[in-house]
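One letter stands for each residue in the lines below.
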Amino acid sequence: MSLSKAKTVGFKPGERNVFFHILTACNLSCRHCYINPKQHGTEAVTRENLEKWLELFRDKNKETNVIFLGGEPTMHADLPHAIRFAKKSGYSSVTVDTNGFLFHDFLAATTPSELDFLSFSLDGPTPEVNDMLRGKGVFATCTANLQAAVAAGFNVSLIYTVSRYNIAHLHKMIPLLVQWRVKRFFIQVIGIRGKTAINGADKWQLTPEEWLEIIPQVAAEASALGITSIFPKVFLEPKEKFECAGRVAENYFIFPNGRVYQCPLCEDYPVNAYKIEENKLITNTGFTETRLFSLDIPEGCVINKLLQPENLSYDKQGRPLYKISCCLLKQEMSGG
Ligand code: SF4
Ligand code: SF4
């Protein structure tokens with residue numbers, strides 16, 4: 001399989017991405033959920049703080065993108081207000097990641113011109129595969145609302161989180177994406193965080209061979225049919241340079257309890273680089289994720305080595321066979 005069509009989307013200087021978890025509540029209970037209320041709290045961000053925190057993170061000298069997340073963000077009655085506020089205050093793009101339930105009559109409360117992308121999470125091409133992971137009846141609701149969103153004029157993308165449980169079904173998504181007129185296809189790798197970490201990582205994780213054999217191939221097939229496909233780089237080829245987004249990019253992962261991380265792999269631990277207090281961004285002192293970003297190791301990502309060492313393989317001399325890239329580094333195959 002040639003990866004020549006795959007472009008590595010490097011970290012862009014002068015760009016800022018704000019991943020804004022506006023609440024942690026969710027109507028679903030997915031088996032691989034990474035939300036951790038002990039670490040992220042159980043409250044929702046108030047309407048007033050939605051505005052204040054959006055102002056806090058927008059940098060008028062930089063292209064700033066916001067992605068609203070949860071829990072399930074459409075359960076927050078003020079999400080349409082937050083979308084409008086972000087757009088008016090100059091955010092370059094506004095995206096919502098939803099589980100597909102679209103509470104509070106979301107499609108009627110928001111217009112396609114206010115929202116750049118509405119991303120639906122679906123983990124299987126059939127109710128049998130998806131609902132085993134995300135819950136009974138979820139496939140039917142999610143796919144009906146996805147099609148309603150496309151019919152209403154929204155740009156729709158789909159996020160498929162790949163694990164051992166559903167990798168064999170990934171390719172069956174392609175005709176559905178075409179039929180549903182989905183514009184972007186995000187293939188995510190299962191992270192060993194939240195419930196996945198508790199439920200036995202080895203049951204979920206893919207081998208490098210499984211990942212490299214299947215994912216680029218499916219992405220190439222989808223892109224040949226006009227769907228832009230994006231997937232994490234994961235394994236760096238020997239000559240490729242390793243970069244930690246914590247050092248070279250500006251990503252903020254904000255939680256309702258005021259914790260702000262730079263690295264999503266750290267979210268299960270109280271090592272957040274920043275916190276919001278009285279609507280100000282404060283740099284935390286002591287041991288934080290920032291200390292780890294500056295370590296150079298032959299295996300690439302330090303936090304992957306600490307949390308997911310089973311991803312690594314070594315030769316007889318103890319040298320790593322490949323580096324693990326930053327989890328935020330993506331490959332893109334354009335849909336043309
Ligand atoms: S939809 Fe998202 S937040 Fe809700 S349970 Fe599933 S993974 Fe967790
Ligand atoms: S995933 Fe690894 S490389 Fe990326 S920001 Fe986190 S620590 Fe850095």
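Residues numbered from 1 in each chain as written. Chains lettered and ligands numbered in written order. Predicted model: local features only at pLDDT ≥ 70, side-chain atom pairs only at ≥ 80, totals over all residues. Heavy atoms only, no water.

Draft legend 1. Empty space enclosed by the protein, seen in detail. A complete count under the given rule lists one cavity of 30 Å³ or more for this structure. There is about 170 Å³ of room inside the largest cavity. Forming the walls of the largest cavity are 19 residues, and the residues nearest its centre are Cys244, Cys263, Phe293, Cys301 and Cys326. Every element with two or more residues in the lining of the largest cavity is listed here: helix H10 (245–248), helix H11 (289–293) and helix H12 (302–307). With three residues, the top contributor of residues to the lining of the largest cavity is H10. The residue makeup of the lining of the largest cavity, split by class, is 15 nonpolar, three polar and one charged. (1 Å grid on protein atoms, 1.4 Å probe; cavity = no way out; pocket = protein on both sides within 12 Å on 5 of 7 lines; lining within 4 Å. Points joined across faces, edges and corners; volume = space filled by probe spheres on them. Helix = DSSP H or I, 4+ residues; strand = E, 2+ residues; numbered from the N terminus. Nonpolar A, V, L, I, M, F, W, Y, C, P; charged D, E, K, R; others polar.)

Draft legend 2. Representation of the site of ligand 2 within the structure. Around ligand 2, the neighbouring residues are Phe242, Cys244, Ala245, Gly246, Cys263, Leu265, Phe293, Cys301, Ile303, Cys326 and Cys327. In this structure the site holding ligand 2 corresponds to the largest cavity. The residue makeup of the shell around ligand 2, split by class, is 10 nonpolar, one polar and no charged. (Near = heavy atom within 4 Å. Sits in = over half its atoms within 2 Å of the grid points.)

Draft legend 3. The packing of aromatic side chains, seen in detail. Summed over the entire model, instances satisfying the criterion amount to eight aromatic pairs. Consider the rings of Phe235 and Tyr322, whose centres lie 4.9 Å apart with planes at 80°: the pair is edge-to-face. A residue pair is termed long-range when its members are at least 10 positions apart, and Phe235 in strand E9 (residues 235–236) and Tyr322 in the loop between H12 and strand E14 (323–324) qualify at 87 residues. When its relative accessible area of 16% is taken as the criterion, Tyr322 is described as buried. Members of the aromatic cluster, joined through ring pairs, are Phe20, Trp53 and Phe68. Between the NZ or CZ atom of Arg31 and the centre of the ring of Tyr165, over which it lies, the distance is 4.9 Å. A cation over a ring is seen here: Arg184 above Phe117, with NZ or CZ 3.5 Å from the ring centre. (Phe/Tyr/Trp six-rings, centres within 6.5 Å; stacked < 30°, edge-to-face > 60°. Buried < 20%, exposed > 50% of the residue type's maximum accessible area, 1.4 Å probe, protein only. Lys NZ or Arg CZ within 6 Å of the ring centre and 35° of its normal.)

Draft legend 4. Main features of the nonpolar core. Counting residues in hydrophobic clusters, the biggest one holds 67 residues, and the most contacted among them are Phe20, Phe68, Leu158 and Phe185. For this core, the leading source of residues is helix H9 (residues 208–224), giving six residues. Counting 25 residues, the second largest nonpolar core, distinct from the first, contains Phe11, Leu69, Leu236 and Cys326. (Core = buried A, V, L, I, M, F, W, Y, C linked by side-chain atoms within 4.5 Å.)

Draft legend 5. Just the packing of helix H2 (residues 47–57) against helix H3 (residues 79–88), in detail. Running from amino to carboxyl end, H2 crosses H3 at an angle of 25°, the nearest separation of the two axes being 10 Å. Comparing their axes, H3 and H2 come out roughly parallel. With respect to the hand of their crossing, H2 and H3 are arranged in right-handed fashion. Contact with H2, carried on its side by Arg47, Leu50, Glu51, Leu54 and Glu55, involves His81, Ala82, Phe85 and Ala86 of H3 and no other residues of that element. Partitioning the contact of H2 with H3 into residue classes produces five nonpolar, one polar and three charged. (Axes fitted to C-alpha atoms, helices over the stretch in contact; angles between N-to-C directions. Parallel < 35°, antiparallel > 145°, perpendicular 65-115°, else oblique. Left-handed = near helix turned anticlockwise from the far one by under 90°. Contact = heavy atoms within 4.5 Å.)

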